[in-house]
Amino acid sequence: MTPPPVPSMPQVSTRLGVIHVAWDGLGGGGEPMPSDFSVVRVWMQDPLAPGAAVVGHLDAAGSVVVPGQPYGADREFWLTAIDRSGNESAASASAVTATQPVVDTDLIGQVIDGAQHIIDGTIPANAKIVAGTITGGLIQAGAIQAGHIAANAVTADKIAAGTIQAGHIAANAVQADNIAAGAITATKLAATAIDGKTITGANIRTAATGRRLDLQPPGATFPEMRFYPTNGTNYTRLRTRDDQFSGEATFEITSGTNSGSTAASQTTIAAGWMQMQVRNASLSGDNGGLMELAEDYATYGYKHTSSDEQYFWFDSSGRTRHVGKWWDFTTLGPTAGILAGSLTVSSGNSGVTISYGATMTGNMGPVASVRDGATNPNFYWCGTSSTPSSFQMSWSQGGGVYSGKAIYWWSHRH
C-alpha cells in the first residue's frame with residue numbers, strides 16, 4: 001500500500017514556558033494530503049539522549065502544545081503522516097527549540113530571588129514603595145502602556161462588570177490568537193447567532209475523537225463530509241467533484257475499507273452517468289461487482305482483471321453483448337436458466353443422450369448441432385426426445401463411414 005506524502009517540516013516556538021508545534025496541513029512539497037489521509041503524529045526527543053515519543057496528533061493544519069519541558073534544554077520535533085489503512089510516511093524534516101524562562105535571567109539573583117522577591121539594597125530607601133501608596137490619582141494618564149503589563153496580569157475579576165463596551169474595542173482588535181482555547185462555549189453564543197452567516201476556512205466536527213461527523217476536513221480537495229463510526233480512521237465519505245465531466249458537479253459516496261484492507265465500495269452519480277462498484281482499498285482499481293448506467297449504454301457484471309471479468313452490455317443500438325465464460329452444465333443444478341456444453345461421441349453410434357446432470361424444474365428447450373468427424377460427412381441427424389433431465393440426438397451412420405460426432409449445444413429453461 002502507498003503511504004501518504006511526507007508532511008512539511010513543523011514550525012516550533014516557545015512562549016510562557018511551553019513549546020508550540022504547528023503544521024500547515026501540507027506535504028513537504030506543498031501538496032495537499034490525499035483523500036484517505038487520517039492524522040499526523042507529532043514526535044519529540046532530546047537530541048542529547050535520543051529516544052523518540054509521540055506527544056500529539058493533528059488531523060488538520062493547527063498546533064499542539066507541549067508543556068513540562070526544562071528551561072534551556074533543546075527538544076527536537078518531526079512529523080509522520082498516516083492514512084486510513086494504517087500506512088505511515090517517512091519522517092519530515094525536524095526542528096529544534098528550547099523553552100525560555102518567564103522572568104529575564106539577568107534579574108534572577110540580582111534584583112529578584114526566590115525567597116525575598118526583591119533583594120535588599122537593590123532599591124534605595126527613598127525609592128521604596130509602601131503598600132497602598134500608589135492609587136489611581138498618582139498614575140499619569142497614558143503612563144501604563146500594554147508593554148508594562150505582564151502577560152495574564154489582568155484577569156476577569158479585576159475588570160468591573162460592564163466597563164468594557166463595544167466602543168472600547170478597536171476594529172479587529174480581538175484576533176483568533178487572543179482568544180484562549182475553549183474560552184468561547186455554546187452558552188456564550190446567542191440563539192441563531194450564526195444563522196445566515198458564511199463560515200469560511202473552518203473544519204466543523206461534532207467531536208474531536210470517537211463517533212463523529214467531520215465537515216470539510218483539512219486536506220480535502222473538494223467539498224467533503226466524513227462519518228467516523230469509531231475512534232479509528234476507517235470512515236465513510238460524501239463529496240462533490242468537478243474534475244470528472246467538464247462543467248458538471250459529480251456526487252461521490254465511498255465506504256471505508258474491509259477488515260483485510262482489500263476492498264472498498266464507491267458510488268458515483270453524474271448527470272448522464274452512474275456507477276456502483278467494489279474497488280480495491282485505495283479506490284484506484286477494480287475488485288468486484290459493477291453496475292454502470294449511462295445515456296447510451298448500461299453494463300452489469302464483475303471486474304477484477306482482464307482474465308476473470310464478465311458482464312452483460314446493453315446499448316442504444318438495441319443489441320446485447322456478453323463478456324466472460326459460462327459454467328459447465330454439470331454443476332448448475334435444477335434451476336439454471338441456461339445450460340451449455342459440448343461432448344464427443346464415439347464412432348459407430350447412431351445417437352446419444354445428453355444428461356443435464358440434474359432433473360430441471362421446468363420444461364427444457366434444447367438447441368444442438370452435430371459436427372461429423374469424417375473427411376466426407378454423409379449422415380442425417382435430428383433431436384428425437386427432450387425431458388427435464390436430458391435430450392436425445394439421433395442420426396444415420398453415413399453409408400458405412402463410421403466417424404466420431406461432436407455435439408455442440410445449449411438448452412434454455414422456459
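Up top you'll find the structure we're talking about.
Not measured: the values here are computed from a predicted model. (Residues numbered from 1 in each chain as written. Predicted model: local features only at pLDDT ≥ 70, side-chain atom pairs only at ≥ 80, totals over all residues. Heavy atoms only, no water.)

Student: Can you help me understand the overall build of the chain in this one?
Tutor: Looking only at helices and strands, the chain features 0 helices and 24 strands. Residue burial in the chain is summarised as follows: out of 414 residues, 27% are buried. Sequence separation of at least 24 residues holds for 45% of the intrachain contacts in the chain that already meet a minimum separation of 6. Accessible surface computed for the chain: about 25,500 Å², of which carbon and sulfur atoms make up 55%. (Helix = DSSP H or I, 4+ residues; strand = E, 2+ residues; numbered from the N terminus. Buried < 20%, exposed > 50% of the residue type's maximum accessible area, 1.4 Å probe, protein only. Contact = heavy atoms within 4.5 Å. Areas by Shrake-Rupley, 256 points an atom, 1.4 Å probe, with all protein chains shown as cover.)

Student: What's the story with unusual backbone geometry in this structure? I'm lost.
Tutor: A negative phi angle characterises most non-glycine residues, just as the trans form characterises most peptide bonds. With a phi angle near 50 degrees, Gln216 is a residue other than glycine that sits in the positive phi range. With relative accessibility at 31%, the residue Gln216 sits in the partly exposed group. Although it is not a glycine, Ser261 sits at a positive phi angle of roughly 55 degrees. Assignment of secondary structure puts Ser261 in the loop between β12 (250-254) and β13 (264-269).

Student: Explain the pairing of strand β18 (residues 320-323) to me, please; I cannot follow it from the model alone.
Tutor: Along any regular strand the residues' side chains alternate between the sheet's two faces. The pairing of strand β17 (residues 310-315) with β18 spans 4 bridges and is antiparallel. Each residue of the ladder has a partner; that of Phe312, found in β18, is His322. The loop that links β17 with its antiparallel partner β18 comprises 4 residues; one of these, Gly318, has a positive phi angle of about 85 degrees. (Pairing = 2+ DSSP bridges.)

Student: For this particular structure, what's the right way to read the packing of aromatic side chains?
Tutor: For any pair of aromatic rings, the description rests on two quantities: the centre-to-centre distance and the angle between the ring planes. Scanning the entire structure with this criterion turns up 8 aromatic pairs. Seen from their ring centres, Tyr297 and Trp313 are 4.6 Å apart, and the 5 degrees between their planes marks the pair as stacked. Of this pair, Tyr297 sits in strand β16 (residues 297-303) while Trp313 sits in strand β17, placing them 16 residues apart in sequence. Look at Tyr297 and you get buried, because its relative accessible area is 17%. Since its relative accessible area comes to 22%, Trp313 is described here as partly exposed. Relative to Trp409, the ring of Phe391 lies with its centre 5.5 Å away and its plane at 70 degrees, an arrangement referred to as edge-to-face. Of this pair, Phe391 sits in strand β23 (residues 390-395) while Trp409 is found in strand β24 (residues 405-413), placing the two residues 18 residues apart along the sequence. (Phe/Tyr/Trp six-rings, centres within 6.5 Å; stacked < 30°, edge-to-face > 60°.)

Student: Can you help me understand the side chain of Asp214 in this one?
Tutor: Of note, Asp214 is situated in strand β9 (residues 212-215). Summary of buried charges: Asp214 has no salt-bridge partner, and the nearest side chain of opposite charge, Arg212, is 4.9 Å away. Side chain to side chain, Asp214 and Asn203 meet in a polar contact 2.5 Å long. When neighbours within four sequence positions are excluded, Asp214 is seen to be in contact with Asp59, Asn203, Ile204, Arg205, Glu224, Met225, Arg226 and Tyr228. (Lys, Arg positive; Asp, Glu negative; His and termini not counted. Salt bridge = Lys/Arg side-chain N within 4 Å of Asp/Glu carboxyl O. Polar contact = N/O pair within 3.5 Å; in protein donor to acceptor, adjacent residues only side chain to side chain.)

Student: When you look at the nonpolar core in this model, what are you seeing that I'm missing?
Tutor: Counting 16 residues, the largest nonpolar core has Leu339, Tyr356, Phe391, Ile407 and Trp409 as the members making the most contacts within it. Contact partners of Tyr356, with chain neighbours within four places excluded, come to Phe329, Thr330, Leu339, Met364, Pro366, Thr387, Pro388, Ser389, Ser390, Phe391, Trp409 and Ser411. Counting 14 residues, the second largest nonpolar core, distinct from the first, contains Ile19, Phe37, Leu58 and Val64. (Core = buried A, V, L, I, M, F, W, Y, C linked by side-chain atoms within 4.5 Å.)

Student: Looking at this structure, I do not really get the environment of Pro366. What am I missing?
Tutor: Within the fold, Pro366 resides in strand β21 (residues 364-372). Distance from Pro366 to Ile338, taken between C-alpha atoms, is 9.7 Å for residues 28 residues apart in sequence. Excluding residues within four positions of it along the chain, Pro366 makes contact with Tyr356, Ser386, Phe391, Trp410 and Ser411.

Student: I keep staring at the sheet that holds strand β7 (residues 95-97) and nothing clicks. Help me out?
Tutor: Sheet strands line up and pair through hydrogen bonds in the backbone, either parallel or antiparallel. Taken together, the 4 strands give an open sheet; going across it, the order is β4-β3-β6-β7, and neighbouring strands pair in antiparallel fashion. Edge strands, defined here as strands with exactly one partner in the open sheet, are β4 (49-58) and β7. Ignoring which end each strand starts from, the neighbouring axes of this sheet average 30 degrees apart. (Axes fitted to C-alpha atoms, helices over the stretch in contact; angles between N-to-C directions.)

Student: Please explain the pattern of salt bridges as it appears in this structure.
Tutor: For side chains of opposite charge, pairing can occur when their charged atoms come near one another. What the rule picks out here adds up to 8 salt bridges. The partner of Asp46 in a salt bridge is Arg75, and the shortest N-O contact between them spans 3.7 Å. Of the two residues, Asp46 is situated in strand β3 (residues 37-46) and Arg75 in strand β6 (residues 75-83); the sequence distance between them amounts to 29 residues. For Asp46, a relative accessible area of 26% puts it in the partly exposed group. Shared partners join several salt bridges into a network, and the residues in it are Arg237, Arg239, Arg241, Asp243 and Glu252.

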